[in-house]
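The chain contents come next:
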Amino acid sequence: MPEKVQAPRGTFDVLPDDGRARLRLLELSEAIFGRANYGPIETPVFEATELFERGVGETTDVVEKEMFTFDDQGGRSLTLRPEGTASVCRAYVEHGMHKAAQPVKVWYWGPFFRYEAPQAGRYRQFTQVGVEALGSDDPSLDAESILLLAELLELAGARGIRFRVSSLGTAATRRAYSDELREHLRAREDQLSDDVLGRLDRNPLRAFDSDHPGTQAALRDAPRLLDRLAPDDAEHFAEVRLLLDDAGLEYELDGTLVRGLDYYTRTVFEVESTELGAQSALGGGGRYDGLVELLGGPATPGVGWAAGVERILLAAKEPVEPARPSVFVALADGAAAAAAFALARDLRSRGVATELEQAGRSLKGQMKHADRLGAAHVVIVGESIEIKDMASGEQHAVATMEDAVAELA
Ligand code: AMP
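Enquirer: So what's going on with the overall build of the protein chain? Residues and values would help.
Expert: Of the regular secondary structure elements, the protein chain holds 14 helices and 16 strands. Computed over its C-alpha atoms, the radius of gyration of the protein chain comes to 28 Å, more than 25% above the 22 Å expected for a compact globule of 409 residues. With the principal axes as the frame, the protein chain shows a C-alpha extent of 90 × 55 × 45 Å. Here the protein chain holds 409 residues, and 48% of them are scored as buried. In the protein chain, of all internal contacts separated by at least 6 residues, the share reaching a separation of at least 24 is 69%. Accessible area of the protein chain: about 20,300 Å², with a carbon and sulfur share of 50%. Positive and negative side-chain charges of the protein chain, numbering 45 and 68 respectively, have mean locations separated by a distance of 4 Å.

Enquirer: Outline the nonpolar core, supporting the account with residue identities and numerical values.
Expert: Nonpolar side chains in soluble globular proteins tend to be buried together. The biggest cluster of nonpolar side chains holds 43 residues, and the ones touching the most others in it are Cys89, Leu134, Leu181, Leu185 and Leu219. Of all the secondary structure elements, the ones that give two or more residues to this core are α2 (49-55), α3 (61-65), α4 (85-94), β5 (104-113), β6 (125-134), α6 (171-186), α8 (213-219) and α10 (291-294). Sort the elements by how many residues they give to this core and α4 lands first, with five residues. Those residues in contact with Leu134 that sit more than four places away from it in its chain are Val88, Cys89, Tyr92, Gln102, Pro103, Val104, Tyr288, Val292, Thr300, Pro301 and Gly302.

Enquirer: Lay out the sheet that holds strand β8 (residues 251-253) with the relevant residues and their values.
Expert: Note: strands within a sheet are paired through backbone hydrogen bonds, in either parallel or antiparallel orientation. Strands sit in the order β1-β5-β6-β11-β10-β9-β7-β8 across an open sheet of eight strands; the sheet is mixed. In this open sheet, the two edge strands, each paired with only one partner strand, are β1 (39-40) and β8. Sitting on the sheet, α4 touches β5 and β6, and the angle it makes with β6 is about 45°.

Enquirer: An account of helix α1 (residues 16-35) is needed here, citing residue identities and associated values.
Expert: Given a rise of 1.5 Å per residue, 20 residues ought to cover 28 Å, and the 28 Å separating the end C-alpha atoms of α1 matches this to within 8%. Three or more residues of α1 are buried, namely Ala21, Arg22, Leu25, Ser29, Ile32 and Phe33. The buried residues of α1 occupy an angular sector of 95° when the element is viewed end-on, so they sit on one face. Exposed and facing more than 90 degrees away from the buried side of α1 are Pro16, Glu27 and Arg35. On its buried side, α1 packs onto β5, β6, α5 (139-156), β11 (302-308) and α11 (309-316).

Enquirer: Describe in detail the packing of α1 against α11, supporting the description with residues and values.
Expert: Packing of α1 against α11 brings their axes to within 11 Å, and their N-to-C directions diverge by 105°. Taken together, the axes of α1 and α11 lie roughly perpendicular to each other. Residue-level inspection shows Ala21, Arg22 and Leu25 of α1 in contact with α11, the latter providing Val309, Glu310, Ile312 and Leu313. When grouped by side-chain class, the residues that make up the contact of α1 with α11 number five nonpolar, no polar and two charged.

Enquirer: Which residues make up the side chain of Gln279, and what values go with them?
Expert: One can find Gln279 in the loop between β9 (265-273) and β10 (281-287). A polar contact is formed between the side chain of Gln279 and the side chain of Arg311, at a distance of 3.4 Å.

Enquirer: Before we move on, can you summarise the packing of aromatic side chains with the specific residues and values?
Expert: Taken as a whole and judged by the stated rule, the model has six aromatic pairs. With a centroid separation of 6.4 Å and an interplanar angle of 75°, the aromatic rings of Phe46 and Phe70 are classed as edge-to-face. With Phe46 in strand β2 (residues 46-48) and Phe70 in strand β3 (residues 69-71), the pair connects residues that are 24 residues apart, well separated along the chain. For Phe46, a relative accessible area of 45% translates into the label partly exposed. On the basis of relative accessibility, which here comes to 34%, the residue Phe70 falls in the partly exposed class. The interplanar angle of 75° and the centroid separation of 5.6 Å between the aromatic rings of Phe68 and Tyr115 together place this pair among those described as edge-to-face. Of this pair, Phe68 sits in the loop between α3 and β3 while Tyr115 is found in the loop between β5 and β6, placing the two residues 47 residues apart along the sequence. Of the residues examined, Phe68 reaches a relative accessible area of 27% and is grouped as partly exposed. One residue, Arg81, lies across the ring of Phe112, its end atom 4.2 Å from the ring centre. The ring of Tyr115 carries the charged tip of Arg124 above its face, separated from the ring centre by 3.9 Å.

How each quantity is defined
Numbering of residues begins from 1 in every chain and follows the order in which that chain's sequence is written. It should be noted that, the model being predicted, local features are given only for residues of pLDDT at least 70 and side-chain atom pairs only at 80 or more, the latter also being counted only at that level, while totals for whole chains, interfaces and linings use all residues. The basis for every side-chain value is the complete set of heavy atoms in the structure, and neither hydrogens nor water enter the calculation. Helical segments are the DSSP runs of H or I of at least four residues, strand segments are the runs of E of at least two, and each set is numbered from the N terminus. Radius of gyration means the value over C-alpha atoms here, while the globule rule gives 2.2 Å times the residue count to the 0.38 power. Three labels apply to residues, based on accessible area from a 1.4 Å probe with only protein chains included: buried if under 20% of the type maximum, exposed if over 50%, partly exposed otherwise in between. Contacts are assigned to residue pairs that have any heavy atoms within 4.5 Å of one another. The accessible surface values rely on the Shrake-Rupley method and a 1.4 Å probe; as for residues, cover is taken only from the protein chains in view. When charges are counted, Lys and Arg contribute as positive and Asp and Glu as negative, whereas His and the chain ends are disregarded. Just so you know, the charge point we use is NZ for Lys, CZ for Arg, CG for Asp and CD for Glu. Buried Ala, Val, Leu, Ile, Met, Phe, Trp, Tyr and Cys residues form a nonpolar core when they are joined through side-chain atoms within 4.5 Å. Here a strand pair is declared whenever DSSP counts at least two bridges between the two strands. Think of each axis as a best-fit line through the C-alpha atoms, taken over the contacting stretch in the case of a helix, with angles from 0 to 180 degrees between the N-to-C directions. To estimate the expected span of a helix, count its residues, drop one, and scale the result by 1.5 Å. To be clear, the arc concerns the directions from the helix axis to the C-beta atoms. Should an angle fall under 35 degrees it is taken as roughly parallel, and over 145 as roughly antiparallel, whereas 65 to 115 is taken as roughly perpendicular and any remaining angle as oblique. Each residue receives one of three labels: charged for Asp, Glu, Lys and Arg, nonpolar for Ala, Val, Leu, Ile, Met, Phe, Trp, Tyr, Cys and Pro, and polar for the others, Gly being one of them. Polar contact criterion, stated in full: a pair of N or O atoms within 3.5 Å, where within protein one must be able to donate a hydrogen and the other to accept it, and residues adjacent in sequence count only if both atoms are side-chain atoms. Aromatic rings from Phe, Tyr and Trp, with only the six-membered ring used for Trp, were paired whenever their centres fell within 6.5 Å, and each pair was classed as stacked if the ring planes differed by under 30 degrees, edge-to-face if by over 60, and tilted otherwise. Lysine and arginine charges are scored as sitting over a ring when NZ or CZ, respectively, is within 6 Å of the ring centre and within 35 degrees of the ring normal.

In structure tokens form, the structure reads like this:
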């Protein structure tokens with residue numbers, strides 16, 4: 001016997017019950033984002049590697065360690081997308097969307113790829129849903145973005161939701177703060193993890209992402225970026241918070257929030273679920289006012305987020321209702337197969353969920369199968385046509401197929 005071929009590590013198959021739950025979440029996303037005038041956007045699953053090197057940042061974990069990168073037959077370096085914002089910004093520039101009325105608001109849903117150690121809730125191919133609003137730095141867009149995520153999680157039934165919000169200021173503020181933090185950490189070098197020490201020159205802020213006890217101790221009395229914001233950034237953040245407070249969103253102000261990707265400026269946020277284990281992050285995002293320019297476009301502010309579809313569903317754990325056909329078309333004898341097939345097509349075309357016998361069972365076996373599927377009615381097609389009500393057990397004959405359709409549709 002040939003050996004079984006298995007799916008690659010860190011990937012998963014979506015079987016029909018999960019597939020239905022995912023489709024419901026997709027429809028919910030469409031409804032929520034559509035109401036706020038965000039339009040659907042799709043970008044390629046692979047992009048030029050340079051897009052992520054420039055857009056996400058070369059010193060980030062995502063770019064340094066986690067990208068699936070390959071050369072195509074023409075020798076171009078391509079990468080399976082690890083995140084969506086850089087692609088949306090590229091598309092914005094490529095299609096001249098800066099010339100359209102601003103802000104441009106889009107949402108997306110699709111597969112993303114990161115070479116991470118697989119565990120519960122962490123995969124190498126996963127699905128993200130996200131929104132982006134480009135072309136305005138109005139604080140109401142930051143608030144709107146966060147509130148759309150909160151609404152999606154609430155209506156999806158995700159439990160144990162906790163938002164954390166902060167502001168990183170502008171790139172210049174962050175640079176000055178990085179120098180200050182680097183100095184603080186240099187003075188405590190012997191406490192730091194090798195990883196943090198290795199990145200201290202290039203990106204000291206990433207120390208806040210570390211769960212290494214020595215690093216955490218060294219950070220305890222470190223200066224906070226939130227206290228270093230320039231006046232207009234502090235004011236921008238105050239306005240965002242005012243709108244969130246007015247909307248009644250509960251969140252924690254967390255000055256240690258730095259986010260894993262380099263492109264953020266001003267508002268940043270993350271949301272987690274206390275219902276999930278180690279992989280508790282449901283989603284996150286923020287403002288990225290320099291990103292479009294970094295990718296060769298005009299200076300354009302933007303704000304958005306991405307959330308993990310698999311993790312939202314894990315946090316919701318809604319029982320999935322099995323799909324039930326309303327009608328099961330049974331065959332009293334094989335000669336009725338074509339007529340039964342036509343009847344099922346007719347019922348389906350009228351919107352009736354219909355299943356029919358396609359596995360050669362005996363009539364008794366078919367009735368058992370229809371019962372297991374949860375069909376409300378069975379039509380038994382043979383020399384006569386009978387309709388059985390599965391709940392009451394009542395059964396009666398009808399004269400023609402048209403009569404059966406009229407009764408059931
Ligand atoms: P990030 O862009 O890293 O903030 O990711 C946004 C969200 O995507 C996270 O909060 C997770 O819910 C989800 N996510 C990121 N990486 C993975 C992964 N490897 N497996 C499953 N979900 C992920």
